[in-house]
Amino acid sequence: MNFGDIWNLAILSPMINVLIVMSKYLLNNFGLAIIALTIVIRLATLPLNVKQASATKAMQELQPKLAELQKKYGRADRAKLAQEQMKLYKGSGVNPAGCMVPMLIQMPIWIALFQSIVRVLAVVPEDFLSLSKHLYSSWSMVFSAVPLGSSFLWLDLAVPDRFLVLPLLVGGTMWVQQKMVTPATVDPRQQAQSQMMLWMMPLMFAFLTLQFPSGLALYWVVSNVISVVIQYYVSGWGGLKSTPKTSSKKHFHLASRAEEKPAEGGEAEPESTAATPAPQIELPKKRGLLDFQPWRDRGQKKKK
Amino acid sequence: MNLTRKSRLLVIALALVIIIALVLSSCTGTQTVPRGWAGPAPGDGNLFVASMGGKLVALNAVTRERLYQDVPFTTRQAGGGLSCGPTTVAVAIYGTPVVTSELVYISGYNGKLYANNVKTGASRWVYPREGEMKPIVGGATVALGKVFFGSADGKLHALDAATGDFQWEFKTGDKIWSTPNVAGDTVYLGSFDKKLYAINADTGAKKWDFTTLGAIAASALVTDGTVYIGSFDRYLYALNAGDGSLKWQFMASNWFWAKPLADKGIVYAPSLDGKVYAFKAGSGEKVTEFDLGSPISSSPVLVGGVVIAATEKGELYSLDAGANQKRLIVQLNENINSPLAVSADGIIYVHSVKDNLFAVEARSGAILWNLPLKS
């Protein structure tokens, strides 16, 4: 048995048959079947998602300690800093790379869903002909139920959304999700990584949505919304919390100035240079527009 | 340059690389490209076949010399994603060409029916003359001075066979992928709306319809007043050709995709479950079944009183229900989805998924020649 056979047996065929049956019982609506399947999959992986959301929260809570380490070792001893950070992560049971695990687990599901969609909707005759090999002979209803109807709301689930609504929804919901889980970090490299995840993933998926069948994009939107809900219940709005509008501009100026200072070579003390009511806020040494994270500032205000 | 700026530049560079890669890759699209599976059509010692490169290939069946330069069929296709404009691509052709004394008819997946001069390959007419219809997956049928074909818009179209002028159309409830069959003054046609239709060939008026439990992609066999049609509900139905009443039915383990074949009172029905079922035409009593071990989507042919069936894996079997015998005559080692064709002198022609055309002697199983159609 080669990998293709195992893939078909373990993932693709079950997904195809389950989707067909769900569609049959959900008013013969394939869009509803995709939504229901998404919910089932996310429920099945709920423990993993909750664990990951908790880890993100723990990561956010670790930030003051990480800041201390940064202050203590700074650039002087990078190796020691990394060592101490790892020790801190280990001691707190936090895995910084843990956020990738749920996404990696979902990748086979995306691939199988894409393959299922092009088969059950009879998009191309070759794909549709091969569908017959995946149908369970003991489930008589699946044979007569295909091809499924591809209309759902304004969408043709077999092709990309021509009205560009889905790419916006996919990108938007993913951005919200990423923003919630982005840890407030003072390490510039981690900041850069966080910013990359925050913008790159939504952009990439929005572009992918332009190319893949809308059915797959529908899965992404629903899955993102569920992630947002889970994250909210575990850690609140997290990184999505914004500073009150009245002070946000001032914080921005503060951050910009804070960035200018170290360029001159000195150890910056941004709070002492600011002519705003925010001098007591302990800001990271190097912050720019992309690094601006108001929720952290507000949290520190509360502590004081 | 400090570390933060370096990191930010790195992020921006990475972002640009990914965006460019995505935009460029959108040109290629993510869907399976339709390639076609048209069968060969013998006629007058020649052979006509639509290659998977969207070309009509006309050749001498013995010498393999081209009668004329391959005739390309192309269409404009919208680009994928944001980056690509429309491009010209080859038309996928699923229906077997239909050859008459003057014209050869080609049904394109781009929703056009082409009629070309059989002797020169020159275009005679195209339908529709402007624009395109939904994809045509089944083939065309020429009878009673008309050419009939169905398309994914759910309509059966009838045109004047000589001029391509519109005669009438009949709307079904879903896509049509099957090839119409004409017997007497009636067109028999299956649709994805799960119905088999009997339609008056002159007027386009419905005579009757028969509802199955599954979509129908197979073509009907009409013989001795009975219509045999396979459906995705896994049943083969035998219906009275006059009124559509059910005579008998049989359930297999998978879809019926290929057109059945009848000989000496026995109906041979290939199924995607890998078996060819043989029934007594009148009663539906199962005579035997031949397990060929691989799905059968290719319609079988009759050669000298023996049924020849091809499996998806590329094996050709001769089947004799009377003697309950099957014999592997040749293994082509290339997958087969296309209908088989046979010449008057017992040569079987096979168009493989790899776009090779084989000529096989039915009796011995010898491969006489193998011609790649890719140009």
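Residues numbered from 1 in each chain as written. Chains lettered and ligands numbered in written order. Predicted model: local features only at pLDDT ≥ 70, side-chain atom pairs only at ≥ 80, totals over all residues.

Caption draft 1: Region of interest: the overall build of chain A. Scanning chain A from N- to C-terminus turns up 14 helices and two strands. Per-residue burial over chain A gives 41% buried out of 304 residues. Intrachain contacts of chain A at a sequence separation of at least 6 include 73% that bridge at least 24 residues. (Helix = DSSP H or I, 4+ residues; strand = E, 2+ residues; numbered from the N terminus. Buried ≥ 20, exposed ≤ 12 C-beta atoms within 10 Å, placed from the backbone. Contact = placed C-beta atoms within 7 Å.)

Caption draft 2: Seen up close, the overall build of chain B. Broken down by element type, chain B carries one helix and 34 strands. Looking at the 375 residues of chain B, the share that counts as buried comes to 48%. Within chain B, contacts between residues separated by at least 24 positions form 41% of all contacts whose residues are at least 6 apart in sequence.

Caption draft 3: Region of interest: the nonpolar core. One finds Val276 and Ile348 of chain B to be the most contacted residues of the largest nonpolar core, which totals 159 residues. Ranked by residue count, the leading element in this core is helix α11 (residues 214-235) of chain A, at eight residues. Beyond its immediate sequence surroundings of up to four residues, Val276 of chain B is in contact with Tyr268, Ala269, Pro270, Glu289, Phe290, Leu292, Ile296, Ala309 and Leu319 of chain B. If you look at the next biggest cluster of nonpolar residues, it comprises five residues, including Ala55, Met59, Leu66 and Leu69 of chain A. (Core = buried A, V, L, I, M, F, W, Y, C linked by C-beta atoms within 7 Å.)

Caption draft 4: Local environment of helix α9 (residues 165-181) of chain A. Residues and elements named next belong to chain A. End to end, α9 covers 25 Å across 17 residues, agreeing with the expected 24 Å (1.5 Å per residue, within 8%). Most of α9 is tucked away, with twelve of its 17 residues classed as buried. All of the buried residues along α9 are Leu166, Pro167, Leu169, Val170, Gly171, Thr173, Met174, Gln177, Gln178, Lys179, Met180 and Val181. (Expected span 1.5 Å × (residues − 1).)

Caption draft 5: Representation of the environment of Arg327 of chain B. All names here are of chain B. Here Arg327 is to be found in strand β30 (residues 325-331). With 11 C-beta atoms packed within 10 Å, Arg327 lands in the exposed category. With 35 residues separating them in the primary sequence, Arg327 and Leu292 have C-alpha atoms 9.8 Å apart. Those residues in contact with Arg327 that sit more than four places away from it in its chain are Tyr317 and Ser318.

Caption draft 6: Spotlight on the sheet that holds strand β20 (residues 226-230) of chain B. Residues and elements named next belong to chain B. Strand order in the open sheet formed by four strands is β19-β20-β21-β22, and the pairing between neighbours is antiparallel. Every other strand in the sheet has two partners, leaving β19 (221-223) and β22 (246-251) as the edge strands with one partner each. Each strand of the sheet is rotated relative to its neighbour by a mean of 15°, with strand direction disregarded. Sheet topology note: the β19/β20 ladder contains three bridges and is antiparallel. From the neighbouring strand, Thr223 faces β20, where its bridge partner is Thr226. (Pairing = 2+ DSSP bridges. Axes fitted to C-alpha atoms, helices over the stretch in contact; angles between N-to-C directions.)

Caption draft 7: A look at the packing of helix α4 (residues 63-73) of chain A against helix α5 (residues 78-92) of chain A. Residues and elements named next belong to chain A. Closest axis-to-axis distance for the α4/α5 pair is 10 Å, and the angle between their directions is 160°. With respect to their mutual orientation, α4 and α5 come out roughly antiparallel. Crossing hand, α4 versus α5: right-handed. Contacts between α4 and α5 pair Lys65, Leu66, Leu69, Gln70 and Tyr73 from the former with Lys80, Leu81, Glu84, Gln85 and Leu88 from the latter. When its residues are assigned to classes, the contact of α4 with α5 shows five nonpolar, two polar and three charged. (Parallel < 35°, antiparallel > 145°, perpendicular 65-115°, else oblique. Left-handed = near helix turned anticlockwise from the far one by under 90°. Nonpolar A, V, L, I, M, F, W, Y, C, P; charged D, E, K, R; others polar.)

Caption draft 8: Structural view of the sheet that holds strand β3 (residues 55-60) of chain B. All names here are of chain B. Strand order in the open sheet made by the four strands is β1-β2-β3-β4, with antiparallel pairing throughout. The open sheet has two free edges, formed respectively by β1 (41-43) and β4 (71-72), since each of these has just one partner strand. Where β3 lies against β4, two bridges are found, and the strand directions are antiparallel. Bridge pairing links Leu56 to Val71 in β4.

Caption draft 9: Summary view of unusual backbone geometry. Residue Val146 of chain A is joined to Pro147 of chain A through a cis peptide bond whose omega torsion reads -5°. Tracing the backbone shows Pro147 of chain A in the loop between α8 (140-145) and β1 (151-152). Cis geometry is adopted by the peptide bond preceding Pro128 of chain B, which originates at Tyr127 of chain B and carries an omega value of -5°. Tracing the chain through its elements places Pro128 of chain B in the loop between β10 (123-127) and β11 (141-143). One non-glycine residue, Arg234 of chain B, adopts positive backbone phi at about 80°. Assignment of secondary structure puts Arg234 of chain B in the loop between β20 and β21 (235-240). The exposure class of Arg234 of chain B is buried, given the 25 C-beta atoms found within 10 Å.

Caption draft 10: Quick look at the pairing of strand β9 (residues 113-117) of chain B. Residues and elements named next belong to chain B. Judged by how many residues are buried, β9 sits mostly within the fold: four of five residues are covered. Note: strand β8 (residues 103-107) against β9, five bridges, orientation antiparallel. Residue Val104 lies in a different strand from β9, and its bridge partner there is Asn116. Connecting β8 to the next strand, β9, in antiparallel fashion are five residues, including Gly111 with a positive phi near 85°. In the sheet, β9 pairs with β10 via four bridges, with the strands oriented antiparallel. In the sheet register, Asn116 faces β10, and the bridge partner there is Ser123. Counting the residues in the hairpin turn of β9 and β10 gives five residues, including Gly121, whose phi is positive at 85°.

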